[in-house]
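Descriptive structure summary
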Amino acid sequence: TLNSGVIPNKNYYYITHGFGYTKVLNTNDNLRQELEIFVPNEESFKVLNFRIKNLINEDRKIKFVVYIKTVLGEDEYLTNGNLKVEKQGNCLKIKNAFREECFESRTMFITSNLKINSYTGDKSNFLGNGDILNPDALYKNLNNSSGLGKDSCVGIEFVLKLSKLEDKKFNIVIGEENSENKI
């Protein structure tokens with residue numbers, strides 16, 4: 001398993017901004033990495049398109065970890081501990097449990113065409129004894145906890161297998177809807 005860490009490397013980052021999108025290119029640890037981010041017009045979700053090319057003649061297994069500090073409400077401090085993460089199929093649904101009881105609730109969702117290997121709604125499970133630059137999530141599976149009553153976040157672990165010289169594309173979609181039926 002490759003661990004490049006989360007600290008930006010010293011190689012060049014090529015960043016392109018266009019009408020409605022941003023693209024970032026970088027090469028590190030014999031991986032060519034490309035990320036394109038855009039929000040479709042009149043939609044309530046963001047698309048992150050990734051392309052990773054293995055530049056060596058060896059099979060590789062990469063742990064890919066995503067961390068999102070989520071606020072579903074007016075203030076991070078007021079929503080902290082009230083967020084509940086649930087997995088349905090290959091989609092994580094995040095709700096504010098307090099707002100669900102008192103107000104019209106919106107549901108955040110995160111999905112991918114990569115299998116979600118593990119997840120957490122608990123920031124202490126994600127960070128462990130580490131910090132945001134070197135979280136324990138890089139070295140262990142997450143606990144699949146809803147995180148309700150805990151310091152809130154959304155942490156997701158994916159495992160990406162690349163064959164020799166393989167060029168692989170995958171995406172992550174992050175959004176919010178008024179009704180779960182639209183997800």
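**Concerning the overall build of the protein chain**
If you tally the helices and strands in the protein chain, you get 3 helices and 11 strands. Mapped in sequence order, the helices and strands of the protein chain form the string β-β-β-β-β-α-β-β-α-β-β-α-β-β. Taken over 183 residues, the protein chain has a buried fraction of 38%. Looking at the protein chain alone, contacts between residues at least 24 apart form 63% of all its contacts between residues at least 6 apart. Carbon and sulfur atoms provide 48% of the accessible area of the protein chain, an area that totals close to 10600 Å².

**Regarding the packing of aromatic side chains**
Under the counting rule described, the total for this entry stands at 6 aromatic pairs. Between Tyr12 and Tyr14, the aromatic rings sit 6.2 Å apart at their centres with planes inclined by 40°, giving tilted as the arrangement. Relative to Phe170, the ring of Phe64 has its centre 5.3 Å away and its plane inclined at 85°; by these criteria the two rings are edge-to-face. One end of the pair, Phe64, is in strand β5 (residues 60-68); the other, Phe170, is in strand β11 (residues 167-177), and 106 residues separate them in sequence. Judged on exposure class, the residue Phe64 and its partner Phe170 are both buried.

Procedures and definitions
Residues numbered from 1 in each chain as written. Predicted model: local features only at pLDDT ≥ 70, side-chain atom pairs only at ≥ 80, totals over all residues. Heavy atoms only, no water. Helix = DSSP H or I, 4+ residues; strand = E, 2+ residues; numbered from the N terminus. Buried < 20%, exposed > 50% of the residue type's maximum accessible area, 1.4 Å probe, protein only. Contact = heavy atoms within 4.5 Å. Areas by Shrake-Rupley, 256 points an atom, 1.4 Å probe, with all protein chains shown as cover. Phe/Tyr/Trp six-rings, centres within 6.5 Å; stacked < 30°, edge-to-face > 60°.

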